[in-house]
Amino acid sequence: MPQQGKQLYEGKAKILYATDDPTLVIQYFKDDATAFNAQKKGTILDKGVCNNRISAALFAYLESKGVRTHFVKQLDERSMLVKKLEIVPLEVTIRNITAGGMSRMLGIEEGIMLKPPVFEWHYKSDALSDPLINDDHIIAMGWATAKELSAIRAESFKVNDALKAFFNDRQLDLVDFKLEFGRFQGSLLLGDEISPDTMRLWEHGTRNKLDKDRFRRDLGSVEEAYKEVLRRVLGESQVCR
Ligand code: CDP
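Please read all numbers here as calculations on a predicted model, not as lab measurements.

**Student:** What is the right way to look at the site of the ligand in this model?
**Tutor:** Lining the immediate environment of the ligand, one finds 15 residues, of which R95, G101, D176, R200 and R216 sit closest. Taking G101, its main chain carries an N or O atom lying 2.7 Å from an oxygen atom of the ligand. When the ligand sits alone it has 510 Å² of accessible area, and the protein chains cover 81% of it. If you list the elements that add at least two residues to the shell around the ligand, you get β9 (90–97), α2 (100–106), β12 (172–179) and β15 (199–203). Of the residues contributing to the shell around the ligand, the split by class is two nonpolar, four polar and nine charged.

Shown next, in the form of structure tokens:
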């Protein structure tokens, strides 16, 4: 069992710790929440517990569907052991239904089905608010190779198909989500987290939002939304505390 070492990095929602194995790190999930490029800050009680458990379950599910991820195992309520990645400085967004940034950018209402789903690259930069970019920007800047981009794109659509089916079975629509990838011993792995912080989930029928939009838009029942997603991901008998 790897021992926790020094703190390597503190982000907005997570802390990374070294371990005594240089290829492994511990990802710790905080209750801190930020939105609009950290202009809005707050705390969502037990969000870290929910997101750790939701991410662990979704990584394990995706691995079972042939997606290679950084996930090794869940360690405790708020932490998981993951492979140490050299992060590719890109965020992938896949959208199945219009919402958020796409609706703002194009002046279109939320809730329109997108067929086929829309794939976006964003440059990972808080200072620049993660700008939308295309393949040419990435290759010209040397952030990733053309071969890596096609591998990431194919893997991201595989994730979309698997997660859409998973949430559909749980009466939730997967509206959109963000993924990050990294390099590990010559291959690309899915990294970061998959949680209501990084995806939009709408309840079938009611279209009730069960994700970070409840915090972003002051919709109330924020904690309850994370707990409801956890309950649906793990099954009826499991609740978040
Ligand atoms: O969240 P916002 O409306 O600003 O941006 P978006 O591009 O519509 O976000 C698409 C999806 O990616 C949503 O599920 C966001 O929660 C997620 N996202 C994220 O996890 N991290 C970011 N830096 C930006 C978006």
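**Student:** Sorry, what's going on with the sheet that holds β9 here?
**Tutor:** Working definition: the strands of a sheet are paired by backbone hydrogen bonds and lie parallel or antiparallel to each other. Taken in spatial order, the five strands make up an open sheet running β11-β10-β9-β12-β15, and their pairing is antiparallel. Strand pairing shows two members of the sheet lacking a second neighbour, β11 (132–133) and β15, which therefore form its edges. Judged from the seven bridges that link them, β9 and strand β10 (residues 113–123) form a sheet pairing that is antiparallel. When the sheet's bridge partners are listed, T93 is paired in β10 with E120. In this fold helix α4 (residues 146–168) packs onto β9, β10, β12 and β15, with an angle of close to 155° to the strand it touches most, β12.

**Student:** Looking at this model, I keep getting lost on the layout of surface pockets. Mind explaining?
**Tutor:** By rolling a water-sized probe across the atoms, one finds the places where empty space is left. The space that makes up the second largest pocket amounts to roughly 170 Å³. Ranked by residues supplied to the lining of the second largest pocket, first place goes to β10 with four residues.

**Student:** What is the right way to read the pattern of salt bridges from this model?
**Tutor:** A side chain with one charge can pair with a side chain of the opposite charge if their charged atoms come near. This model, assessed by the stated rule, comprises 25 salt bridges. As a salt-bridge pair, D192 and K178 come within 3.1 Å of each other at their nearest N and O atoms. Residue D192 is found in the loop between β14 (187–190) and β15, and its partner K178 is found in strand β12; the two are separated by 14 residues along the sequence. For the pair formed by D192 and K178, the shared burial category is buried. The structure contains a network of salt bridges with shared partners spanning R95, E110, E120, D176, R200, D213, R216 and R217.

**Student:** How do you make sense of the packing of aromatic side chains when you look at a structure like this?
**Tutor:** Two aromatic rings, taken as a pair, are described by how far apart their centres are and by the angle between their planes. Evaluation of the coordinates by the stated rule reveals seven aromatic pairs. Taken together, a centroid distance of 4.0 Å and an interplanar angle of 10° make the contact between Y123 and W143 stacked. Taken together, the residues Y123 in strand β10 and W143 in the loop between α3 (135–141) and α4 connect sequence positions 20 residues apart. Overall, W143 belongs to the buried group, its relative accessible area being 19%. Ring centres of F166 and F167 lie 5.2 Å apart, and the angle between their planes is 85°; this geometry places the pair in the edge-to-face category. Summarising the burial analysis for this pair, F166 and F167 share the class buried. Here the aromatic cluster, defined as three or more aromatic residues joined through ring pairs, consists of Y61, F166 and F167. The lysine or arginine in question, R153, covers the ring of F119, its NZ or CZ lying 4.9 Å from the ring centre.

**Student:** Teacher, can you tell me more about the nonpolar core here?
**Tutor:** Counting residues in each nonpolar core, the largest one holds 50 residues, and the members touching the most others are L62, L90, W121, L163, F167 and L190. Sequence-distant contacts of F167, that is, excluding residues within four places in its chain, are made with L58, L172, L174, M199, L201 and V233. If you look at the next biggest cluster of nonpolar residues, it comprises five residues, including I15, Y17, L24 and L81.

**Student:** Can you walk me through empty space enclosed by the protein in this structure?
**Tutor:** All chains considered together, the criterion is met by one cavity of 30 Å³ or more. Space inside the largest cavity adds up to approximately 30 Å³. Contributing to the lining of the largest cavity are V88, L90, V92, W121, I152, L179, E180 and F181. Of the residues that constitute the lining of the largest cavity, the class distribution is seven nonpolar, no polar and one charged.

The rules behind each value
Residues numbered from 1 in each chain as written. Predicted model: local features only at pLDDT ≥ 70, side-chain atom pairs only at ≥ 80, totals over all residues. Heavy atoms only, no water. Near = heavy atom within 4 Å. Polar contact = N/O pair within 3.5 Å; in protein donor to acceptor, adjacent residues only side chain to side chain. Areas by Shrake-Rupley, 256 points an atom, 1.4 Å probe, with all protein chains shown as cover. Helix = DSSP H or I, 4+ residues; strand = E, 2+ residues; numbered from the N terminus. Nonpolar A, V, L, I, M, F, W, Y, C, P; charged D, E, K, R; others polar. Pairing = 2+ DSSP bridges. Contact = heavy atoms within 4.5 Å. Axes fitted to C-alpha atoms, helices over the stretch in contact; angles between N-to-C directions. 1 Å grid on protein atoms, 1.4 Å probe; cavity = no way out; pocket = protein on both sides within 12 Å on 5 of 7 lines; lining within 4 Å. Points joined across faces, edges and corners; volume = space filled by probe spheres on them. Salt bridge = Lys/Arg side-chain N within 4 Å of Asp/Glu carboxyl O. Buried < 20%, exposed > 50% of the residue type's maximum accessible area, 1.4 Å probe, protein only. Phe/Tyr/Trp six-rings, centres within 6.5 Å; stacked < 30°, edge-to-face > 60°. Lys NZ or Arg CZ within 6 Å of the ring centre and 35° of its normal. Core = buried A, V, L, I, M, F, W, Y, C linked by side-chain atoms within 4.5 Å.

All we've got here are geometric facts, nothing functional implied.
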